[in-house]
Amino acid sequence: MNKIMKTISAAAIAVASTGLSAAAQETTLRLSNWLPPSHPIVKDIVMPWAANVEQATEGRVTVQILDAPLGPPPAHFDLAATGAADVTFGVHGYTPGRFSLTQIAELPLNTPNSEALSVAYWRVHEAMLAEKAEHQGVKVLAVWGHGPGHMFTTGADVSPMSAVEGLKIRVAGALTSQLAEEMSMVPLQAPSPKTYELLSGGVADAIYFPYESVPFFKLDSLLTKALRVDGGLYNVSFFMVMNQAKFDSMSDADKAAIDEVSGETLVRMAGKAWDTADEAGLAALEGTVDFHDATEEEMVAIEEMSQPLYDTVRKAFDEKGVDFDAALEMLRNETQAVLSE
């Protein structure tokens, strides 16, 4: 009898241990989201990534996208760094002065489309920027930029260039703020969800935005004129990050699986998603926004206005010991390489 009981007890312990081991391998990553579920970043980037993580880990890791954000958009990097959330995404420029090297992706005239710029940016980040540890406390899953950004107004002319002087324009970071000043405009710093309020209330007369964002934030009923520039007037650097301690606590197999669906894979997916959204956005603006494509003379003026922005980023690179010219050359070469694929 004792022998039978010992055998049963040993089997029970083995089953229980197996169950505990399986349970220990199951991980839920809490992701704080500050955008509507229908936004391309959520619908076409975050949600597919979450599905890819679950598939790659064979269900051991799931991503829970929270119904409400754990803080305002500018707080999202720190939410991940401190572990308040496991995963977050956001805009580097929402905390001006903190991320200086990421500004290389935001410079004017370098964005033919989101995919090419984003993949090139990721490669530069991995090769030259990551080692400078601007993202302490997190594992960087992806950095990317949107499509070429243009300038839209609520009715003010955009040509000649002097027509925009004195306009109040919503901006999304230090470089767009500097560009606005170079264009003799008045910059107003605000996250994208606040743009309708600013424009509809007459607080702002203009905005820098990619095609996608104008109809998404319901600004197509407010904006009637636009200045369009080859390569874009600006860009925005986005991040998607995971708390480093959370990542380190996972099994080697799950870490490898997450790496497989993140990095350049995730960046390329993000770029393609944004380009598709830009196409739809531009189509939605047909007949409602009068686009003016910058003339050769205006392009020369814009290039001159852009130079101080390049000088600002060069200084930031110098201060952190990164060769700006080499990084910019790599960014442009890799952008062309992706376009040539």
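Keep in mind that this is a model prediction, so the values were computed, not measured.

Asker: Just to check I follow, could you spell out the overall build of the protein chain for this structure?
Answerer: Of regular secondary structure, the protein chain possesses 12 helices and 11 strands. In terms of its C-alpha atoms, the protein chain occupies a principal-axis envelope of roughly 100 × 45 × 35 Å. Burial analysis of the protein chain (341 residues in total) assigns 51% to the buried set. Carbon and sulfur atoms make up 52% of the accessible area of the protein chain, which amounts to about 14,700 Å² in all. Once the 23 positive and 46 negative side-chain charges of the protein chain are each reduced to a mean point, those two points are 11 Å apart.

Asker: Before we go on, may I ask you to explain the packing of helix α2 (residues 40-56) against helix α9 (residues 252-261) in this structure?
Answerer: Two quantities define a packed helix pair, namely the angle between the axes and the distance from one axis to the other. Across the interface, α2 lies against α9 with an axial gap of 9 Å and an inter-helix angle of 140 degrees. α2 and α9 meet at a crossing whose hand is right-handed. Residue-level inspection shows Trp49, Asn52, Val53 and Ala56 of α2 in contact with α9, the latter providing Ala257, Ile258 and Val261. Its residues assigned to classes, the contact of α2 with α9 comprises six nonpolar, one polar and no charged.

Asker: Explain helix α12 (residues 324-339) to me, please; I cannot follow it from the model alone.
Answerer: An α-helical segment advances 3.6 residues per turn. Residues three or four places apart therefore align on the same side. End to end, α12 covers 23 Å across 16 residues, agreeing with the expected 22 Å (1.5 Å per residue, within 8%). Among the residues of α12, Phe324, Ala327, Leu328, Leu331, Thr335 and Val338 are the ones counted as buried. Buried residues along α12 cover an arc of 100 degrees about the axis, so they all sit on one side. Of the surrounding secondary structure, the elements contacted by the buried residues of α12 are α4 (114-129), α10 (264-285) and α11 (296-319).

Asker: Would you take a moment to explain the packing of α11 against α12 for this structure?
Answerer: In the contact formed by α11 and α12, the axes pass within 9 Å of each other and the chain directions differ by 120 degrees. On α12, the residues touching Tyr310, Val313, Arg314 and Phe317 of α11 are Phe324, Asp325, Ala327, Leu328 and Arg332. When grouped by side-chain class, the residues that make up the contact of α11 with α12 number six nonpolar, no polar and three charged.

Asker: I'm lost on the sheet that holds strand β3 (residues 87-91) in this one. Help?
Answerer: Whenever strands of a sheet pair, they do so through backbone hydrogen bonds, lying parallel or antiparallel. Ordered in space as β2-β1-β3-β10-β4, the five strands form an open sheet in which the pairing is mixed. Two strands bound the open sheet, and with one partner strand each, they are β2 (61-65) and β4 (138-145). Looking at each pair of strands side by side, their axes are set apart by 20 degrees on average, direction ignored. Across the sheet, α2 lies against β1 (27-32), β2, β3, β4 and β10 (237-243), angled at about 155 degrees from β2, the strand it touches most.

Asker: Please explain the environment of leucine 35 as it appears in this structure.
Answerer: Structurally, leucine 35 is set in the loop between β1 and α2. Judged by its relative accessible area of 5%, leucine 35 falls in the buried class. On a C-alpha basis, the gap between leucine 35 and phenylalanine 89 in space is 10.0 Å, while along the polypeptide they are 54 residues apart.

Asker: So what exactly am I meant to see when it comes to α10 here?
Answerer: Relative to the 32 Å expected for 22 residues at 1.5 Å per residue, α10 spans 31 Å between its end C-alpha atoms, a close match to the ideal helical length. For α10, the full list of buried residues reads Leu266, Val267, Arg268, Ala270, Gly271, Ala273, Trp274, Asp275, Ala277, Asp278, Gly281 and Leu285. Remark: glycine 287 follows α10 within two positions and exhibits a positive phi of approximately 90 degrees.

Asker: What's the story with the side chain of histidine 39 in this structure? I'm lost.
Answerer: Residue placement: histidine 39 occurs in the loop between β1 and α2. With relative accessibility at 3%, the residue histidine 39 sits in the buried group. Among the polar contacts listed, one links the side chain of histidine 39 to the backbone nitrogen of isoleucine 41, at a separation of 3.0 Å. Among all residues touching histidine 39, those that are not within four sequence positions of it are Asp44, Glu212, Phe216, Phe217 and Trp274.

Asker: Mind showing me how you'd approach the nonpolar core here?
Answerer: Most often, soluble globular proteins have nonpolar side chains that are buried together. With 104 residues, the main nonpolar core has Trp49, Phe152 and Tyr208 as its most contacted residues. With nine residues, the single largest contributor to this core is α4. Residues in contact with tyrosine 208, not counting those within four places in the same chain, are His150, Met151, Ile169, Arg170, Val171, Thr176, Leu179, Ala180, Met183, Met185, Leu233 and Tyr234.

Asker: Is there a simple way to explain the packing of aromatic side chains in this structure?
Answerer: Aromatic ring pairs: the centre-centre distance and the angle between the two ring planes describe each pair. Summed over the entire model, instances satisfying the criterion amount to 12 aromatic pairs. Between tyrosine 208 and tyrosine 234, the ring centres sit 5.7 Å apart and the planes meet at 45 degrees, which makes this aromatic pair tilted. Of the two residues, tyrosine 208 sits in strand β8 (residues 206-209) while tyrosine 234 sits in the loop between β9 (225-228) and β10, which places them 26 residues apart along the sequence. For tyrosine 208, a relative accessible area of 1% gives the class buried. The exposure class of tyrosine 234 is buried, given its relative accessible area of 3%. Grouped by ring-pair contacts, the aromatic residues Trp34, Phe89 and Tyr94 constitute a single cluster.

Asker: Can you walk me through the side chain of threonine 335 in this structure?
Answerer: Relative to the helices and strands, threonine 335 resides in helix α12. For threonine 335, a relative accessible area of 3% gives the class buried. Those residues in contact with threonine 335, other than ones at most four positions away along the chain, are Asn110, Pro112, Ala116, Leu117 and Ala120.

Conventions used here
Residues numbered from 1 in each chain as written. Predicted model: local features only at pLDDT ≥ 70, side-chain atom pairs only at ≥ 80, totals over all residues. Heavy atoms only, no water. Helix = DSSP H or I, 4+ residues; strand = E, 2+ residues; numbered from the N terminus. Buried < 20%, exposed > 50% of the residue type's maximum accessible area, 1.4 Å probe, protein only. Areas by Shrake-Rupley, 256 points an atom, 1.4 Å probe, with all protein chains shown as cover. Lys, Arg positive; Asp, Glu negative; His and termini not counted. Charge placed at Lys NZ, Arg CZ, Asp CG, Glu CD. Axes fitted to C-alpha atoms, helices over the stretch in contact; angles between N-to-C directions. Left-handed = near helix turned anticlockwise from the far one by under 90°. Contact = heavy atoms within 4.5 Å. Nonpolar A, V, L, I, M, F, W, Y, C, P; charged D, E, K, R; others polar. Expected span 1.5 Å × (residues − 1). Arc of directions from axis to C-beta. Pairing = 2+ DSSP bridges. Polar contact = N/O pair within 3.5 Å; in protein donor to acceptor, adjacent residues only side chain to side chain. Core = buried A, V, L, I, M, F, W, Y, C linked by side-chain atoms within 4.5 Å. Phe/Tyr/Trp six-rings, centres within 6.5 Å; stacked < 30°, edge-to-face > 60°.

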